[in-house]
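A closer look at the structure
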Amino acid sequence: MTRTRTVRRTVRSLADGREIIYFDDSPDAPERTAVDRRELGPRASAGHVRYDALVGDWVAVAGHRMNRTFLPPKDECPLCPTGRGSVPSEIPDAEYDVVVFENRFPSYAPVALDDVVAPQGYLHRPAHGRTEVVCFTSDHDSSFAALGPERARTVVDVWADRTAELGATPGVEHVFCFENRGQEIGVTLHHPHGQVYAYPYVPARTAEMLARATEHHARTGRLLGADLLAAERADGSRVVLAGEHWTAYVPYAARWPVEVHLAPHRDVPDLVALDDAERDELAHLYLELLRRLDGYHVGDDGPVRLPYIAAWHQAPARTGREVSRLLLQVMSVLRGPGKLKYLAGSESAVGGWVTDTRPEAVAARLRSLAGA
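What comes next is a walk through the structure. (Residues numbered from 1 in each chain as written. Predicted model: local features only at pLDDT ≥ 70, side-chain atom pairs only at ≥ 80, totals over all residues. Heavy atoms only, no water.)

1. So, the overall build of the protein chain
What the protein chain contains, in helices and strands, is six helices and 18 strands. C-alpha atoms of the protein chain, sized along the principal axes, occupy 60 × 60 × 50 Å. For the protein chain, buried positions account for 49% of its 372 residues. Taking the average location of the 43 positive side-chain charges in the protein chain and that of its 51 negative ones, the two points are 2 Å from each other. (Helix = DSSP H or I, 4+ residues; strand = E, 2+ residues; numbered from the N terminus. Buried < 20%, exposed > 50% of the residue type's maximum accessible area, 1.4 Å probe, protein only. Lys, Arg positive; Asp, Glu negative; His and termini not counted. Charge placed at Lys NZ, Arg CZ, Asp CG, Glu CD.)

In structure tokens, the structure reads:
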């Protein structure tokens, strides 16, 4: 029997014209009628992107982001509901379930300032696109791992919603949903949140993954992601947990001190293509995975809350969709309590990765935390 979920979607505008979208799964959630009364002036424009001919990639030049909010005190958090702190926030309502809004300091935006003249032999263009903030909860002191399965499922639906809408926007080539957690990663706001980038090009790593997938499909007629998942499931030594629709595993050639991939069993190109059963199980398995990751390192005072990047790799909006396969990558720079992996000479300069941890040992440690 298929259960019915109701998530109310309300689109409003902030004082400078940026869009804010409320996703309410609480039956008693009020209508979203609050008005943003801040005096913000005109919305910020994005900058431009410059082409790096040496490696064939684009770089966004966004000097205006130097002035973005940096680790404010809790009572000045721009992601908390208005009324909980000493100043109005980005969210005019007094509470919310999940909310998405256009970033006030965008790397890419519908309005982009192209005020430079490229020297001869160089390429640049406006950084058109969109950058959004996704607030998972109005509770400032919470985290994604602390969400209940129903709220986590709502976030999954939000990711799919934003992927579909932004991917259909003219000029957008790729939609990337991700979460940064922890100051070690570079987080500038502590409130539980993620981001969505809608790029006007296909980013370098996505393009490289697409090239490998295209080559594999041309040679075998199969999807590379499906073959890798099948190999990990058959081997089993790096599998962390598995359900009916998803498997989490440490990849054979993991680069980061802690790295786990979460892949669907069915061949789907993006979040939009997931059915209800797959979204339900994803919410449950992802929460369990995050719980185990938070128990991976143990310091003198107990388990260490893991800083991480959670990155959704999905098909580009307009190319390579027939060979692409959805994948969530969760990775951490923390190699031990108080010890970070720095991307020094080999990794940063030539991309020659060296890992200090055996993937099989990482998987065994995470398996041992089942029920802990």
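Moving on from the model shown.
2. Some remarks on empty space enclosed by the protein
Taken as a whole and assessed by the stated rule, the structure comprises one cavity of 30 Å³ or more. Looking at the largest cavity, its volume works out to about 30 Å³. Looking at the largest cavity, the residues that line it are Arg43, Glu102, Asn103, Pro106, Tyr108, Ala109, Pro110, Arg130 and Thr131. Tallied by class, residues from the lining of the largest cavity come to four nonpolar, two polar and three charged. (1 Å grid on protein atoms, 1.4 Å probe; cavity = no way out; pocket = protein on both sides within 12 Å on 5 of 7 lines; lining within 4 Å. Points joined across faces, edges and corners; volume = space filled by probe spheres on them. Nonpolar A, V, L, I, M, F, W, Y, C, P; charged D, E, K, R; others polar.)

3. A look at the nonpolar core
Ranked by internal contacts, the top residues of the largest apolar core, which has 53 residues, are Phe144, Trp159, Tyr286, Leu293 and Trp312. With eight residues, the single largest contributor to this core is helix α4 (residues 276–293). Ignoring any residue separated from it by four or fewer positions in sequence, one finds Trp159 in contact with Phe144, Cys177, Leu271, Tyr286 and Trp312. Core analysis: the second largest hydrophobic core is formed by 17 residues, Tyr108, Ala112, Ala311 and Met331 among them. (Core = buried A, V, L, I, M, F, W, Y, C linked by side-chain atoms within 4.5 Å. Contact = heavy atoms within 4.5 Å.)

4. A closer look at helix α2 (residues 204–220)
Along an α-helix, residues three or four positions apart point the same way, because every turn accommodates 3.6 residues. For α2, with 17 residues, the first-to-last C-alpha span of 24 Å sits near the 24 Å given by 1.5 Å per residue. Of all the residues in α2, the buried ones are Thr206, Leu210, Ala213 and His216. Down the axis, α2 shows its buried residues gathered within 130° of arc, on one side only. In α2, the exposed positions that point more than 90 degrees away from the buried face belong to Ala218 and Arg219. Residues of α2 that are buried make contact with β8 (174–181) and α3 (224–235). (Expected span 1.5 Å × (residues − 1). Arc of directions from axis to C-beta.)

5. Focus: the sheet that holds strand β7 (residues 130–135)
What the eleven strands build is an open sheet, ordered β1-β2-β5-β7-β9-β8-β15-β16-β12-β11-β10; its pairing is antiparallel. Of all the strands in the sheet, just β1 (8–13) and β10 (239–242) have a single pairing partner and so form its edges. Between one strand and the next, the sheet's axes are offset by a mean angle of 20°, whatever the strand orientation. Sheet topology places strand β5 (residues 98–102) next to β7; four bridges connect them, and they run antiparallel. Bridge pairing in β7 places Val100 opposite Val134. (Pairing = 2+ DSSP bridges. Axes fitted to C-alpha atoms, helices over the stretch in contact; angles between N-to-C directions.)

6. Focus on the packing of aromatic side chains
Counting across every chain of the model gives 14 aromatic pairs. Their ring planes at 55° and their centres at 5.1 Å tell us that Phe144 and Tyr286 sit as a pair that is tilted. Here Phe144, found in the loop between β7 and α1 (149–167), pairs with Tyr286, found in helix α4; they are 142 residues apart in sequence, far enough to count as distant. Judged by relative accessible area, which is 2%, Phe144 ranks as buried. The side chain of Arg125 reaches across the aromatic face of Trp58, ending 4.5 Å from its centre. (Phe/Tyr/Trp six-rings, centres within 6.5 Å; stacked < 30°, edge-to-face > 60°. Lys NZ or Arg CZ within 6 Å of the ring centre and 35° of its normal.)

7. Overview of the sheet that holds strand β4 (residues 57–61)
Pairing is antiparallel in the open sheet, where three strands are placed in the order β4-β3-β6. Of all the strands in the sheet, just β4 and β6 (124–126) have a single pairing partner and so form its edges. Strand-to-strand twist in this sheet, taken as the mean axis angle between neighbours without regard to direction, amounts to 30°. Across five bridges, the pairing between strand β3 (residues 48–52) and β4 is antiparallel. What sits directly across from Val49, in β4, is Ala60.

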